[in-house]
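Residue-level listing of the chains:
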Amino acid sequence: MTVLPAATINGATRLAGIVGWPVEHTLSPALHNAAFRFHRINAVYVPLGVPRGGLRTLLQSLQTVGALGVNVTVPYKEAVIPLLDRCAPSAAVIGAVNTVVFEKNRLVGHNTDGLGFLASLGEVLAPRGQHAVLLGAGGAGRAVAISLALAGVKRICLAEPDARRRQRLVRDVKKAGLVSVAGVAPNSPALRRELAECRLLVQASPLGLRERDPLPLPAAWMPAGICVMDLVYGKKLTPFLTLARGRGNRIIPGWKMLLHQGAESFRLWTKKKPP
């Protein structure tokens, strides 16, 4: 356990953090605590692991103690919405929340994942006109899919095991932009055909968070010569990105999206420019 110097916390210190289950892997505390120190803001950012069923109680407690806000990660990006007073347009369009701002007596949900995704992707590939395959249709997957549709991709294939979640995202992507979109089951022949045609592959499922997780697709199906991004991140490349790099693909690690979306969360909480 890392112990902060006592002088950094006092009776006026405000709280921020990341809410999810699990949260042991998160790098967000290092990011935000460094930004608080840079701006001399008397606040501390901590991981807040909460099992299912405890989300409402946690948010109420944080509101009571006057917290700045929280990031929201797996599995609560959609589940948190009914517990909020309002959603900003970014979150309403995407249908998922990754940042909550405590505004006096109101909890306001935002989504900075879409902005963070496009900023990190733009360093490597312009999305307009591309054929993309997305693995996972949860909260992060929704942000990626809707953002790609708004950015003008030509086609999106959504691979998700939950048929209801998959169909819902297909519907919402069609509303968001003039884009060809298909929903398929993982490991299906349809997915393999889409992979053979795509120029962008995004891994947005939770697979890879745990050491023993399987790959999100059969290794033999990994395309070559495209751009591959994994939203899961760690101290080293995920097995998915290691496989992708071995096929000669341009890769984007998930920490880049973490950096860009975290910077926007910091701005929302503090009204200050992220360092």
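See the structure shown above.
What counts and what doesn't
- Residues numbered from 1 in each chain as written.
- Predicted model: local features only at pLDDT ≥ 70, side-chain atom pairs only at ≥ 80, totals over all residues.
- Heavy atoms only, no water.
- Buried < 20%, exposed > 50% of the residue type's maximum accessible area, 1.4 Å probe, protein only.
- Helix = DSSP H or I, 4+ residues; strand = E, 2+ residues; numbered from the N terminus.
- Right-handed = clockwise from strand over helix to strand, strands pointing away.
- Pairing = 2+ DSSP bridges.
- Salt bridge = Lys/Arg side-chain N within 4 Å of Asp/Glu carboxyl O.

Observations concerning the pairing of strand β8 (residues 155-159)
Logical step 1: For β8, a buried count of 4 out of 5 residues is recorded, marking the element as mostly surrounded by other parts of the structure.
Logical step 2: Note on the crossover from strand β7 (residues 131-135) through helix α5 (residues 139-150) to β8: the handedness is right-handed.
Logical step 3: Taken together, the 5 bridges between β8 and strand β9 (residues 180-184) define a ladder with parallel strand orientation. When the bridges of β9 are listed, Cys-157 appears paired with Ala-182.
Logical step 4: At this point the chain moves from β8, through helix α6 (residues 163-176), to the parallel β9, and the crossover so formed is right-handed.

Some details on the pattern of salt bridges
Logical step 1: Under the counting rule described, the total for this entry stands at 9 salt bridges.
Logical step 2: Here Asp-172 makes a salt bridge to Arg-171, at a shortest N to O gap of 3.1 Å.
Logical step 3: A salt bridge links Arg-267 to Glu-264; the nearest nitrogen and oxygen atoms lie 2.6 Å apart. Of this pair, Arg-267 and Glu-264 both sit in helix α9 (residues 254-270), 3 residues apart, which is roughly one turn of that helix.

Read these as spatial facts, not as claims about activity.
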